[in-house]
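# Summary of the model geometry
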Amino acid sequence: MTVWRALGGRGYLGSAWPWRATAFLVSGALLGAVVLVVLVSGAVVGGALAVVLLGLPLLVLTALTGIPVAAVERRRLRLAGVDRVPAGQHRVPGRPGLASWLTTRLREAATWRELAYAVLLGLVLWPLDALAVLAAVGLPLSMAAAPVLVAADGEAKVVKLFVVDSAPAACAVAALGLALLAAGAYVLGAVAGVRAELARALLGAKDGDSERVTELVRSRARLVDAFEAERRRIERDLHDGAQQRLVALTMTLGLARLDAPPGPLADQLAKAHGQAGQALAELRELIHGIHPKVLADYGLRAALADAADRSPVPVDLELDLPGRLPGPVETAAYFAVCEALANVARHSGASRAGVRGGHADGRLVLQVRDDGRGGADPEGGSGLTGLADRVSVLDGTLSLSSPPGGPTLLRVEIPCRPTDPNAPCA
Amino acid sequence: MPADRPERPLRVVLAEDSVLLREGLVGVLTRFGHEVVAAVGDAEALVAAVAAHAPDIVVTDVRMPPGFQDEGLHAAVRLRRERPGLPVLVLSQYVQRAYAGELLDSGDGTGVGYLLKDRVGQVEQFVDALDEVASGGTVVDPEVVRQLLRRRRDPLARLSPREREVLALVAEGRSNGAIARALVVSEAAVGKHIGSILTKLDLPPADGTHRRVLAVLAFLRA
């Protein structure tokens, strides 16, 4: 519910909305005054010191003022009933570190747009906020105070325009003041509404952008779904087709060996039998890699225990998971951990690895740590970048810390809810 | 080379949804003198067939219609709950501790087997495992055993490498004699190793042929 809608409804005066509108405008005036001081002093001092280069960082800092101001404004908008203004399109810096953060900020339009808003707030908006509050609250209140003033001083100057000195007149002025106060409450609501709309229009993500972003995310999610379905289909085709035929073949060959008289034929049969067995073992590994059945049947915990079993490097497993998590989450998390364990075995030289994790506060968090030599480079064409994409489709993050000398730590975080908290966790 | 006639012919109920494999399995079992009293294609029919025929042993696939999840395994677990002591040999396409664990936890862990389907091709090994399970033994696929051996954790950490080797062979359902032959040691040495394994796994002497099974279970759960 916004202040606008509240204005149209009944019982506006008795509700919290006039108070909220006042609080919105008063806090806006205070914030604007502070912003004005910061901007002016930053610009003046920074500009004066720019000659000796000391001022340049200060100027840069001043240019960034818009970012915290915008953040405060977005939160403050809730007072006016405008919930969840999507933050502007600040990009995530490509690398960690202050320098990268600064260049990203200074290069993007959102930073300058927010600075422009801060300047607007400091120069134009806050005096208007203050004026609105004074006119709509201060004026009626001073009129309402007339009888008190008359009783105390014998006369009261109303709005510095005319003098009242009799009790009846003072009472009439006071009544008028109260009526004006009621009208003022509506004025405040309207001003706060306009002000909030303006802030939202200037600070919110542009509609076109946000629509395109959702559409993009949706289509990526669809793609991942399609990819998963295809994986399952391939797994099933292999399982129900090629694998069954190979088993039948080894069975036939096994029986044939029993009945073959010793000699070259028996030797050939033994060889064929051995090869068929090997093909079967390879096929089994292949199918497992495509989509492990245990993940679908028993969930993430069992599948990770299985992955730990398979790892050539000993793995300590510490998991605190609820029953089951949504399928795409389990799949993405499982493959991320598998890839990490495979990298540990291939590149890290580690003697031990640990998988820890759990589900808390609506997030699945998994960490894979090893005691190897570190220095893993996610840019180096590792399978992790692809997995990061998959995790990001689920609004999750995959991060890697691997300083030279180790230890390497991979962290997967995916927001999700357990699908069935009562389901047994095998 | 073949020991064609078993010590006792078994009456087998077989559940496998692939017709190709079902026929193949019937062929192998018949070849070794066992009788397949029913060969069915889904878990429902398996339960019905066991009720109708009261077989000596059940051989079932894990994944079966209609859901192609682990219906066969669950049917096996259910059957063992209803008929304690019914020997069940489960064939799986996967090396999976979770599946094996669930099966072995049903009943007291005797008379169960968990084999990879690949093993069916080694027809003699397969039929040996069948006999072992039918006579109350526990058989775990060597591939599962191999995976478990990679994880050196308590209580197995206390075992010497040789003892682990012996325990792995016990898990595969081999007798002391067979283990002795495989490791090229005397049967008495095998007995000694097993005694020490049981002590280290806190399985004190009881009237216990089942202690071997308990050791295998400890091994699986480690």
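Note that this is a predicted model, so its numbers are computed, not measured.

## As for the overall build of chain B
Scanning chain B from terminus to terminus reveals 11 helices and six strands. Out of the 222 residues belonging to chain B, those deemed buried represent 56%. The contacts in chain B between residues at least 6 apart in sequence include a share of 69% that link residues at least 24 apart. A total of about 9,000 Å² of accessible surface is found on chain B, and carbon and sulfur atoms cover 52% of it.

## With respect to the pattern of salt bridges
Scanning the entire structure with this criterion turns up 26 salt bridges over all chains. Where B:D118 meets A:R284, a salt bridge forms, and the shortest distance between an N and an O atom there is 2.5 Å. One end of the pair, B:D118, is in helix α5 (residues 118-121); the other, A:R284, is in helix α10 (residues 264-290), on a second chain. For the pair B:D118 and A:R284, one class covers both residues: buried. Each of A:E73, A:R76, A:D129 and A:R195 takes part in salt bridges that share partners, so that together they form one network.

## Quick word on helix α6 (residues 123-134) of chain B
Note that an α-helix has 3.6 residues per turn; residues three or four places apart therefore point the same way. All names here are of chain B. Compared with an ideal rise of 1.5 Å per residue, which puts 12 residues at 16 Å, α6 spans 16 Å between its outermost C-alpha atoms and is within 8% of the ideal. All of the buried residues in α6 are V123, F126, V127, A129, L130, V133 and A134. Each buried residue of α6 sits inside an arc of 155° when the element is viewed along its axis, so together they form one side. Phi turns positive, to about 95°, at G136, one or two residues after α6.

## Details of the UniProt feature "transmembrane region" (unreviewed entry) in chain A
Residues and elements named next belong to chain A. Mapped onto this numbering, the UniProt entry gives "transmembrane region" (unreviewed entry) at residues 21-44, 50-72, 115-139 and 167-194. Helix makes up 100% of residues 21-44 and strand 0%, with an end-to-end C-alpha separation of 34 Å. Summarising residues 50-72: 70% helix, 0% strand, and an end-to-end C-alpha distance of 29 Å.

## Some points on the packing of aromatic side chains
Residue and element names in this part refer to chain A. One pass over the full model with this rule turns up two aromatic pairs over all chains. The interplanar angle of 40° and the centroid separation of 4.8 Å between the aromatic rings of Y12 and Y186 together place this pair among those described as tilted. Highlighted residues: Y12 in the loop between α1 (3-8) and α2 (17-49) and Y186 in helix α8 (residues 167-203), separated in sequence by 174 residues. In this structure Y12 comes out as buried when scored by relative accessible area, which is 1%.

## Some details on the sheet that holds strand β4 (residues 353-360) of chain A
Residues and elements named next belong to chain A. The mixed open sheet is built from five strands, whose spatial order is β3-β4-β5-β7-β6. Looking at the sheet topology across the chains shown, the edges are occupied by β3 (315-320) and β6 (397-401). Across this sheet, the average inter-strand angle for adjacent strands is 10°, counted without regard to direction. With eight bridges joining them, β4 and strand β5 (residues 363-370) adopt antiparallel strand pairing. Counterpart to G357 in the pairing with β5 is L366. Here helix α12 (residues 300-310) sits on the sheet and contacts β3 and β5; the angle it forms with β3, its principal contact strand, is near 175°. Sheet strands in contact with helix α14 (residues 383-393) are β6 and β7 (408-415), and its direction is about 145° off that of β6.

## Description of the packing of helix α13 (residues 327-348) of chain A against α14(A)
Residue and element names in this part refer to chain A. One can describe the packing of α13 onto α14 by two numbers: an axis separation of 10 Å at closest approach and a directional angle of 165°. Viewed along their axes, α13 and α14 adopt a mutual orientation that is roughly antiparallel. The two elements α13 and α14 meet at a crossing, and its hand is left-handed. Contact with α13, carried on its side by T331, A332, F335, A336, E339 and N343, involves G383, L384, L387, R390 and V391 of α14 and no other residues of that element. Tallied by class, residues from the contact of α13 with α14 come to six nonpolar, three polar and two charged.

## Focus: the confidence of the model for chain B
Residues and elements named next belong to chain B. This prediction gives chain B a mean pLDDT of 83; 89% of its residues lie at or above 70. By mean pLDDT, the top-scoring element of chain B is strand β1 (residues 11-15) (95), and the lowest-scoring one is helix α11 (residues 211-221) (72). Predicted complex, confidence summary: ipTM 0.74, pTM 0.57.

## What about the pairing of strand β4 (residues 88-92) of chain B?
When a strand is regular, its side chains alternate between the sheet's two faces. Residues and elements named next belong to chain B. The buried fraction of β4 is high, at five of five residues. Of the two faces of β4, the one holding V88, V90 and S92 and the one holding L89 and L91 are both buried throughout. In this sheet, β4 lies alongside strand β3 (residues 57-61) in parallel orientation, the contact comprising four bridges. Along β4, the bridge assignment pairs V58 with V88. With helix α3 (residues 71-82) bridging β3 and its parallel neighbour β4, the resulting β-α-β unit is right-handed. Pairing of β4 with strand β5 (residues 112-116), which is carried by five bridges, proceeds in the parallel orientation. Looking at the pairing, L91 lines up with L115 of β5.

So, how was this worked out
Residues numbered from 1 in each chain as written. Chains lettered and ligands numbered in written order. Predicted model: local features only at pLDDT ≥ 70, side-chain atom pairs only at ≥ 80, totals over all residues. Heavy atoms only, no water. Helix = DSSP H or I, 4+ residues; strand = E, 2+ residues; numbered from the N terminus. Buried < 20%, exposed > 50% of the residue type's maximum accessible area, 1.4 Å probe, protein only. Contact = heavy atoms within 4.5 Å. Areas by Shrake-Rupley, 256 points an atom, 1.4 Å probe, with all protein chains shown as cover. Salt bridge = Lys/Arg side-chain N within 4 Å of Asp/Glu carboxyl O. Expected span 1.5 Å × (residues − 1). Arc of directions from axis to C-beta. UniProt positions renumbered as here; feature names shortened; annotations may be inferred. Phe/Tyr/Trp six-rings, centres within 6.5 Å; stacked < 30°, edge-to-face > 60°. Pairing = 2+ DSSP bridges. Axes fitted to C-alpha atoms, helices over the stretch in contact; angles between N-to-C directions. Parallel < 35°, antiparallel > 145°, perpendicular 65-115°, else oblique. Left-handed = near helix turned anticlockwise from the far one by under 90°. Nonpolar A, V, L, I, M, F, W, Y, C, P; charged D, E, K, R; others polar. pLDDT = per-residue confidence, 0-100. Right-handed = clockwise from strand over helix to strand, strands pointing away.

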